[in-house]
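# Close look at the chain arrangement
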Amino acid sequence: EGGVLLVRFQALSRWKGASRGMRRPVIRPMKGPSPVTCLKTLVSSIVAGHEDGNVFVWDATGSSTRPLHQFSAHKAPISCMTVFPALDCIITGGGARTRAEALTDSVIRVWTCSKFELQQSLPLHGSVPRVVHPLEVLQEEKRKKDSEYKPCLALGTDTRQRRLLQLLKVDGLED
């Protein structure tokens, strides 16, 4: 039951403010403190996923006390998050607390690192994502002439009946 993560990128105009659309979801105001559920680092920033489904990107150099970016990634808490260097993207998973949330927000989402725009959603059909991690391949394997190297993503999910580890192959990349 392994799935394939198909990534499609297209040229988009830069965000202009009021017309956020689905690629740049509206930020839900925090009703109070929301615990951080996962942290990842980029070159000079820290990405924090919160229990309320929001993602905040902070300056790691300390030059700003305000978030650089923030967006609503999921309606449910962010249960897992990773940086995928092969695609220059961040992948988040929504961890459902209720059956209703599992049916509506049981997805992993792919966001660009440059603009934090939604590129793709992959439904998990009620499974709750627990761990998402890119799989690295040795540089020698990537350089082989006949190598069929494709970046992969390891995804651990839970349902009421079982726990799964899935390997998702990324298609659609041009070298």
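Please refer to the structure higher up on the page.
Since we're looking at a predicted model, the values are computed, not measured. (Residues numbered from 1 in each chain as written. Predicted model: local features only at pLDDT ≥ 70, side-chain atom pairs only at ≥ 80, totals over all residues. Heavy atoms only, no water.)

Here the focus is the sheet that holds strand β4 (residues 54-59). With respect to topology, four strands assemble into an open sheet ordered β2-β3-β4-β5, the strand pairing being antiparallel. Edge positions in the sheet fall to β2 (36-41) and β5 (69-72), since each of these pairs with one other strand and no more. Ignoring strand direction, the axes of neighbouring strands in this sheet form an average angle of 15°. As paired elements, β2 and strand β3 (residues 45-50) share five bridges and run antiparallel to each other. (Pairing = 2+ DSSP bridges. Helix = DSSP H or I, 4+ residues; strand = E, 2+ residues; numbered from the N terminus. Axes fitted to C-alpha atoms, helices over the stretch in contact; angles between N-to-C directions.)

Quick look at the packing of aromatic side chains now. If you walk through the whole model with that rule in mind, you get three aromatic pairs. Put simply, the rings of F71, W111 and F116 touch in pairs and so form one group of aromatic residues. (Phe/Tyr/Trp six-rings, centres within 6.5 Å; stacked < 30°, edge-to-face > 60°.)

A side chain with one charge can pair with a side chain of the opposite charge if their charged atoms come near. Following the criterion strictly, the structure yields three salt bridges and no others. Residues R109 and D105 are paired through a salt bridge, measuring 3.5 Å at the closest nitrogen-oxygen approach. For R109, a relative accessible area of 17% gives the class buried. Residue D105 is classed as buried on the basis of its relative accessible area of 3%. (Salt bridge = Lys/Arg side-chain N within 4 Å of Asp/Glu carboxyl O. Buried < 20%, exposed > 50% of the residue type's maximum accessible area, 1.4 Å probe, protein only.)

On to the sheet that holds strand β7 (residues 89-94), then. An order of β6-β7-β8-β9 is seen for the four strands of this open sheet, with the pairing classed as antiparallel. The open sheet has two edge strands with one neighbour each: β6 (78-84) and β9 (118-123). Neighbouring strand axes in the sheet, compared pairwise and without regard to direction, differ in orientation by 15° on average. Two strands pair when backbone bridges link them, and strand β8 (residues 107-112) and β9 are joined in this way by five bridges, in the antiparallel orientation. By the bridge assignment for β9, V107 is matched with P123.

The next subject is the state of the cysteines. On inspection of all chains with the given rule, the structure shows zero disulfides. Looking at the unpaired C113, the closest cysteine sulfur is the one in C89, lying at 6.3 Å. Note on C113: relative accessible area 13%, which makes it buried. (Disulfide = S-S within 2.5 Å.)

Every regular strand shows the same layout, with side chains that alternate between the two sheet faces. Among the seven residues that make up strand β11 (residues 152-158), six are buried, leaving the element largely enclosed by the rest of the structure. Examined bridge by bridge, strand β10 (residues 128-135) and β11 share seven bridges and lie antiparallel to one another. Across the sheet, residue P129 finds its bridge partner in β11, namely T157.

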